Amino acid sequence: MKTASRLFHFLHEQHGLFVYFLEGQKLVHDLVTLKTISGSSFEIFRGATLFGAILSNFVKQGETQGLFLDTNSFSLKVEVNSEAMMRVFFKESSNLTPSQQGPLLNCSGTMRIVKKFPHSNNPYTTFIELKDDSIEQLVNKTLVQSYQIESFYHCSDVSDQAILICKMPESQRTALKVKEEDLIGPKEYFLKNKKNLFSFF
């Protein structure tokens, strides 16, 4: 029996970074048992599910946030709320050609990010253009363009796990007295520490 999926949150104070590690094997397993998904469809569904689980960490009390993407190949919807409840919808087009099948089907189209706030009837919407972007690139564009978070996201190729590295807001770095010379970007941090970080997967 698989153990419950968990999201771990670490602080690398010296470099002014937050590190999130998602163990999502049971989450993906339970969702896949509800619907038969395979091949490139599974890769997109898995990536979207893991992203939704991490995204829940950024949803404030009473909020609901959603990601909506329609392409010529598939339709994808991911919605999460402040109670850590998540809904993932994925439907593959029946018009896919053999050349489109592979380890990962890239995304092209306009993605819509919708944030609904309590006591407000006017959701905040962001539109992001995608062109042959992988799920990882989709996530990174979402965090930078919609959430204005300097970050780097990586989803494991061999397990249902993901890691997200985010730069702390300036106010927090100041409060923790993080030295300017010790600051390092999320992607650079990931590349420099890839071997140690991969030990989690």
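The preceding data block contains the structure.
## Concerning the sheet that holds strand β4 (residues 74-81)
(1) Moving on: Taken together, the 5 strands give an open sheet; going across it, the order is β5-β4-β3-β6-β7, and neighbouring strands pair in antiparallel fashion. Since the sheet does not close on itself, it has two edges, and those belong to β5 (86-92) and β7 (124-133), each with one partner. Across the sheet, the mean angle separating the axes of adjacent strands is 10° when strand polarity is ignored.
(2) Moving on: Relative to β5, β4 is paired through 7 bridges, and the arrangement is antiparallel. Bridged to F74 within β5 is E92.
(3) Moving on: Its contacts with the sheet place helix α3 (residues 135-145) against β3 (64-70), β6 (107-116) and β7, and it is angled at close to 150° to β7.

## Concerning the pattern of salt bridges
(1) Moving on: Summed over the entire model, instances satisfying the criterion amount to 6 salt bridges.
(2) Moving on: The salt bridge partner of E150 is K167, with a shortest N-O separation of 3.6 Å. Here the residue E150 occupies a position in the loop between α3 and β8 (151-155), and K167 occupies one in strand β9 (residues 161-167), the gap between them amounting to 17 residues.

## Re the environment of S82
(1) Moving on: Here S82 lies in the loop between β4 and β5.
(2) Moving on: Apart from residues lying up to four places away in sequence, S82 is in contact with V59, K60, Q61, G62 and E63.

## Observations regarding the pairing of strand β2 (residues 17-23)
(1) Moving on: The element β2 is largely enclosed, with a buried count of 7 among its 7 residues.
(2) Moving on: Where burial is concerned, the two faces of β2 agree: the one with L17, V19, F21 and E23 and the one with F18, Y20 and L22 are both buried.
(3) Moving on: Across 7 bridges, strand β1 (residues 6-12) lies against β2 in antiparallel orientation. Its bridge partner being in β2, F10 is matched across the sheet by V19.
(4) Moving on: Between β1 and β2, which pair antiparallel one after the other, the connecting turn spans 4 residues, and G16 there sits at a positive phi close to 65°.
(5) Moving on: Pairing of β2 with β9 involves 7 bridges; the strand directions are antiparallel. Pairing of E23 across the sheet is with Q161, part of β9.

## Brief notes about the packing of aromatic side chains
(1) Moving on: Here the structure, examined in full by the defined rule, presents 6 aromatic pairs.
(2) Moving on: Ring plane angle 55° and centroid distance 6.3 Å describe the contact between F58 and Y147, whose orientation is recorded as tilted. Of this pair, F58 sits in the loop between α2 (39-55) and β3 while Y147 sits in the loop between α3 and β8, and the two are 89 residues apart along the sequence. As far as burial versus exposure is concerned, F58 and Y147 are alike and both buried.
(3) Moving on: Among the aromatic residues, ring-to-ring pairing joins Y20, F58 and Y147 into one connected group.
(4) Moving on: Lying over the aromatic face of F89, K77 brings its terminal NZ or CZ to 5.5 Å of the ring centre.
(5) Moving on: Geometry around Y147 places K115 over its ring, the cationic atom sitting 3.9 Å from the centre.

Rules used throughout
Residues numbered from 1 in each chain as written. Predicted model: local features only at pLDDT ≥ 70, side-chain atom pairs only at ≥ 80, totals over all residues. Heavy atoms only, no water. Pairing = 2+ DSSP bridges. Helix = DSSP H or I, 4+ residues; strand = E, 2+ residues; numbered from the N terminus. Axes fitted to C-alpha atoms, helices over the stretch in contact; angles between N-to-C directions. Contact = heavy atoms within 4.5 Å. Salt bridge = Lys/Arg side-chain N within 4 Å of Asp/Glu carboxyl O. Buried < 20%, exposed > 50% of the residue type's maximum accessible area, 1.4 Å probe, protein only. Phe/Tyr/Trp six-rings, centres within 6.5 Å; stacked < 30°, edge-to-face > 60°. Lys NZ or Arg CZ within 6 Å of the ring centre and 35° of its normal.

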